[in-house]
Structures are given as C-alpha cells and as structure tokens.
Amino acid sequence: MSLGDQIARNLPYLRRYARALTGSQATGDAFVRATLEAALADSELKESLEGGRVPLYRAFNKVWSSAYMEVPEAVGDNTHENAAQDRLKSVTPLNRQALLLTTLEDFSSDQAGEIMDMSAEDIERLAQEATRSNEAMNQLEQESNRIGSVMDVIKAVAEQTNLLALNAAIEAARAGEA
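What you see is a predicted model; the values in this text were computed from it and never measured.

Peer 1: How would you summarise the overall build of the protein chain if you had to cite specific residues and measurements?
Peer 2: Each helix and strand counted, the protein chain has 8 helices and 0 strands in total. Reading the protein chain from its N end, one meets helices and strands in the order α-α-α-α-α-α-α-α. Per-residue burial over the protein chain gives 29% buried out of 178 residues. Counted over contacts in the protein chain with a minimum sequence separation of 6, partners at least 24 positions apart contribute 64%.

Written out as structure tokens, the structure reads:
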C-alpha cells in the first residue's frame, strides 16, 4: 500500500483526534494540515510515516506540541463547540492527549507512550488523572444543577410571597377606603 493510501486510511481518525484535542474543528484541521505539510517538506519525516498509524500520530503530536496554545475562549453561537472548549480547559493538555489516545483512538498505553515520548506507565497515570478530573467536573455540574433547582424554588416562593404581600396591601387599601 502506498504512503498516500496509508495516510488517507488514517486521516479521518487523525482529524477526529485533532478536533477532540483542540476543541475546535477548524483548529484541529489546521494542525492536521500542518502535519501533512511538514511531512511533504521533510523527507525523513515522510519516510517515518510509512510505519503506519503510530508514526502519523507521533508526527501530529510533534507539530501540535511545538505550536500548542491554550484552548481558545468560547466565541460564537456554536454551543456544542463552546461546551467542548469549556470542558477541555479543565484537563491539562498531556492528560487530554493520553486519555484521547487510549480511549477515543484505542491505542495501547505502549503505543500512546511512543506517540507522546513517554512511558506506558506515565500514559496510564495521565489518562487516569484525566478521568478523575472529568468525574469531578460531572459531580460539580450535578451539584450546580441541584443548587439551580433550589434557587428556582426560592425564586418561586419569593414571587408568591410578593404576590401575597401585594394582595394584602390592595385589600388593606380597599378596607381603608371603606
């Protein structure tokens, strides 16, 4: 199979990973494009990609790591992308990479370690930390929803109290007129 065919076969998965990693379709695709451009410009890198999926992700990781910026602030009307970016900010980049490589992309810890230049044990630790962080975020979200529900009840009671006080004032005023 030609190098072009190998890359084409893995490109949708690399794009999915890049988009999940960056929290943005446009940013993820830009990093994939930069990776492919780097491979075209560097014959050694191009040769390394013949090794399949792991070298392709490794090349992407090098490009992404060298140019990584913080997850951008949520802008615009795309609520799904904004929510993804908010969630991504709660997990460090290394944890996010390890978690995505081992869960979303189904790499083994050894393969993810090769991609990220880390040991398999470090990858497992980073992925576990990301999972714990995500679980904590879910708990906070649930608690926040509960607090919001209590606040809604308090507002409803306050509105009813204000309405009752207004009715009492109207009745008092009517009684005073009579």
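Peer 1: Give a description of the pattern of salt bridges that names residues and reports values.
Peer 2: On inspection of all chains with the given rule, the structure shows 8 salt bridges. The residue Arg 15 makes a salt bridge to Asp 29 at a minimum N-O spacing of 3.1 Å. Residue Arg 15 is located in helix 1 (residues 3–22), and its partner Asp 29 is located in helix 2 (residues 25–41); the two are separated by 14 residues in the primary sequence. Salt bridges sharing partners connect three or more residues here, namely Arg 15, Arg 19 and Asp 29.

Peer 1: Help me get a handle on helix 4 (residues 53–67), residues and values and all.
Peer 2: Over its 15 residues, helix 4 runs 21 Å from end to end, which matches the ideal 21 Å to within 8%, given 1.5 Å per residue. Turning to helix 4, its buried residues number three or more, namely Val 54, Pro 55, Leu 56, Tyr 57, Ala 59, Phe 60, Asn 61, Val 63 and Trp 64. As for helix 4, its buried residues are in contact with helix 1, helix 2, helix 3 (43–48), helix 6 (93–104) and helix 7 (109–116).

Peer 1: Which residues make up the packing of aromatic side chains, and what values do they have?
Peer 2: What the rule picks out here adds up to 4 aromatic pairs. When the centroid spacing of 5.5 Å and the interplanar angle of 50 degrees are considered together, the rings of Tyr 17 and Tyr 57 count as tilted. On the criterion of sequence distance, the pair formed by Tyr 17 in helix 1 and Tyr 57 in helix 4 is long-range, its members being 40 residues apart. With a relative accessible area of 1%, Tyr 17 lands in the buried category.

Peer 1: Run through a nonpolar patch on the surface, naming residues and quoting values.
Peer 2: Together, Ile 147, Val 150, Met 151 and Ile 154 make up an exposed nonpolar region whose accessible area comes to about 370 Å². The residue Val 150 is located in helix 8 (residues 120–177) in this model. Judged by its relative accessible area of 48%, Val 150 falls in the partly exposed class.

Peer 1: Mind laying out the packing of helix 2 against helix 4, listing which residues take part and the relevant values?
Peer 2: Contact geometry for helix 2 and helix 4: axes closest at 9 Å, N-to-C directions at 110 degrees. Here helix 2 is positioned roughly perpendicular relative to helix 4, judged by the angle of their axes. The hand of the helix 2/helix 4 crossing is right-handed. Facing helix 2, whose interface residues are Phe 31, Val 32, Ala 34, Thr 35 and Ala 38, helix 4 presents Leu 56, Ala 59, Phe 60, Val 63, Trp 64 and Ala 67.

Peer 1: Which residues make up the environment of Gly 4, and what are the values?
Peer 2: Here Gly 4 shows up in helix 1. Looking at Gly 4, the relative accessible area reads 48%, which means it is partly exposed. Distance from Gly 4 to Glu 50, taken between C-alpha atoms, is 9.3 Å for residues 46 residues apart in sequence.

Peer 1: Give me helix 1: which residues, what numbers.
Peer 2: Its axis deflected by about 45 degrees at Leu 11, helix 1 carries its strongest bend there, up to four residues before the proline Pro 12. When we look at burial in helix 1, the residues that qualify are Leu 3, Gln 6, Ile 7, Asn 10, Leu 14, Tyr 17, Ala 18, Leu 21 and Thr 22. Backbone geometry just downstream of helix 1 places Gly 23 in the positive-phi region, at approximately 80 degrees.

Peer 1: Mind laying out the nonpolar core, listing which residues take part and the relevant values?
Peer 2: With 27 residues, the main nonpolar core has Leu 14, Tyr 17, Leu 49, Tyr 57, Phe 60, Leu 101 and Ile 115 as its most contacted residues. The set of elements that each furnish at least two residues to this core consists of helix 1, helix 2, helix 4, helix 6, helix 7 and helix 8. Here the element with the most residues in this core is helix 4; it accounts for 7 residues. Look past the residues within four positions of Phe 60 in its chain and what remains in contact with it is Leu 14, Tyr 17, Ala 18, Leu 21, Phe 31, Val 32 and Thr 35.

Each value, and the rule that gives it
Each chain carries its own residue numbering, running from 1 in the direction its sequence is written. Local features in this predicted model are restricted to residues whose pLDDT is 70 or higher, and side-chain atom pairs enter the listing and the counts only when it is 80 or higher, whereas totals over whole chains, interfaces and linings include all residues. The side-chain figures draw on all heavy atoms in the structure; neither hydrogens nor water molecules are used. Counting from the N terminus, the helices are DSSP H or I runs at least four residues long and the strands are E runs at least two residues long. When accessible area is computed with a 1.4 Å probe and restricted to protein chains, residues below 20% of their type maximum are described as buried, those above 50% as exposed, and intermediate ones as partly exposed. When checking whether two residues touch, look at their non-hydrogen atoms; a contact exists if any pair is within 4.5 Å. What counts as a salt bridge is simple: a side-chain nitrogen of Lys or Arg found within 4 Å of a carboxyl oxygen of Asp or Glu. Given a helix with a known number of residues, its expected span is that number minus one, times 1.5 Å. When two rings of Phe, Tyr or Trp (its six-membered ring) have centres within 6.5 Å they constitute a pair, described as stacked for plane angles under 30 degrees, edge-to-face for angles over 60, and tilted for the intermediate range. In this analysis, a patch consists of residues with relative accessible area above 30% that form no salt bridge, clustered at 9 Å for like charges and at 5 Å for the nonpolar side chains Val, Leu, Ile, Met, Phe, Trp and Tyr. What sets the accessible areas is the Shrake-Rupley method with a 1.4 Å probe; for residues, cover comes only from the shown protein chains. Lines fitted to C-alpha atoms define the axes, with helix axes restricted to the stretch in contact, and inter-axis angles between N-to-C directions lie between 0 and 180 degrees. Each angle gets one of four labels, with under 35 degrees taken as roughly parallel, over 145 as roughly antiparallel, 65 to 115 as roughly perpendicular, and the rest as oblique. For a crossing to be left-handed, the near helix must be turned anticlockwise from the far one by less than a right angle; the clockwise case is right-handed. Given a residue, its bend is the angle between the two axes fitted to the seven residues that end at it and to the seven that start from it. In this text, buried Ala, Val, Leu, Ile, Met, Phe, Trp, Tyr and Cys residues form a nonpolar core when linked through side-chain atoms within 4.5 Å.

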